[in-house]
Amino acid sequence: MRCPLPVIELARRLSDVAVGDVVEVAADDPAAATDVPAWCRMRGHEYVGALPAADGMPAYRVRRLS
């Protein structure tokens, strides 16, 4: 997914998980490395960190806080 689609998809899906749960967003767009943490700060969620994926696509982990 290219920017801004990873953050848009994150916003859509985060309401599907319980408060305290962690979701992972896989995105090959280099901008996601800054966009996902910035979105978390703006929306009051916790950016947990990035994980390298087996297929080379990083996954960004976000904990729902509200």
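These numbers come from a predicted model, not from an experiment.

Structural notes on the overall build of the protein
- Within the protein, the regular secondary structure consists of two helices and three strands.
- Listed by position from the N terminus, the elements making up the protein come as α-β-α-β-β.
- Along the three orthogonal principal directions, the C-alpha set of the protein runs to about 30 × 20 × 15 Å.
- Going through the 66 residues of the protein one by one, you find that 29% of them count as buried.

Points about the pairing of strand β1 (residues 22-26)
- What you see with β1 is a clean split: Val-23 and Val-25 sit on the buried side and Val-22, Glu-24 and Ala-26 on the side with no burial.
- Pairing of β1 with strand β3 (residues 59-63), which is carried by five bridges, proceeds in the antiparallel orientation. Opposite Ala-26, over in β3, you have Ala-59 as the bridge partner.

Comments concerning the sheet that holds β1
- Across the sheet, which stays open at both edges, the three strands sit in the order β1-β3-β2 with antiparallel pairing between neighbours. Strand pairing shows two members of the sheet lacking a second neighbour, β1 and β2 (46-51), which therefore form its edges. The mean angle between the axes of side-by-side strands here comes to 25°, regardless of whether they run parallel or antiparallel.
- Here β2 runs beside β3; their pairing, made up of five bridges, is antiparallel. Bridging from a neighbouring strand, Ala-50 pairs with Tyr-60 of β3.

A few points about the pattern of salt bridges
- Going through the model one piece at a time under the given rule, you end up with four salt bridges.
- Note that Glu-9 is salt-bridged to Arg-13, the shortest N-O span being 2.7 Å. With a gap of four residues between them, Glu-9 and Arg-13 both fall in helix α1 (residues 5-14), about one helical turn apart.
- For Arg-13, a relative accessible area of 47% puts it in the partly exposed group.
- One salt bridge in this structure joins Glu-24 and Arg-61, with 3.2 Å as the shortest N-O distance. Placement of Glu-24 in strand β1 and of Arg-61 in strand β3 is noted, with a sequence separation of 37 residues between them.

So, the packing of α1 against helix α2 (residues 32-43)
- Put simply, α1 and α2 touch, their axes get as near as 10 Å, and they point 40° apart. Comparing their axes, α2 and α1 come out oblique. Crossing of α1 against α2: the hand is right-handed. Across from Val-7, Leu-10, Ala-11 and Leu-14 in α1, the residues of α2 making contact are Asp-35, Val-36 and Trp-39.
- Classifying every residue of the contact of α1 with α2 by side-chain character gives six nonpolar, no polar and one charged.

Calculation criteria
- Residues numbered from 1 in each chain as written.
- Predicted model: local features only at pLDDT ≥ 70, side-chain atom pairs only at ≥ 80, totals over all residues.
- Heavy atoms only, no water.
- Helix = DSSP H or I, 4+ residues; strand = E, 2+ residues; numbered from the N terminus.
- Buried < 20%, exposed > 50% of the residue type's maximum accessible area, 1.4 Å probe, protein only.
- Pairing = 2+ DSSP bridges.
- Axes fitted to C-alpha atoms, helices over the stretch in contact; angles between N-to-C directions.
- Salt bridge = Lys/Arg side-chain N within 4 Å of Asp/Glu carboxyl O.
- Parallel < 35°, antiparallel > 145°, perpendicular 65-115°, else oblique.
- Left-handed = near helix turned anticlockwise from the far one by under 90°.
- Contact = heavy atoms within 4.5 Å.
- Nonpolar A, V, L, I, M, F, W, Y, C, P; charged D, E, K, R; others polar.

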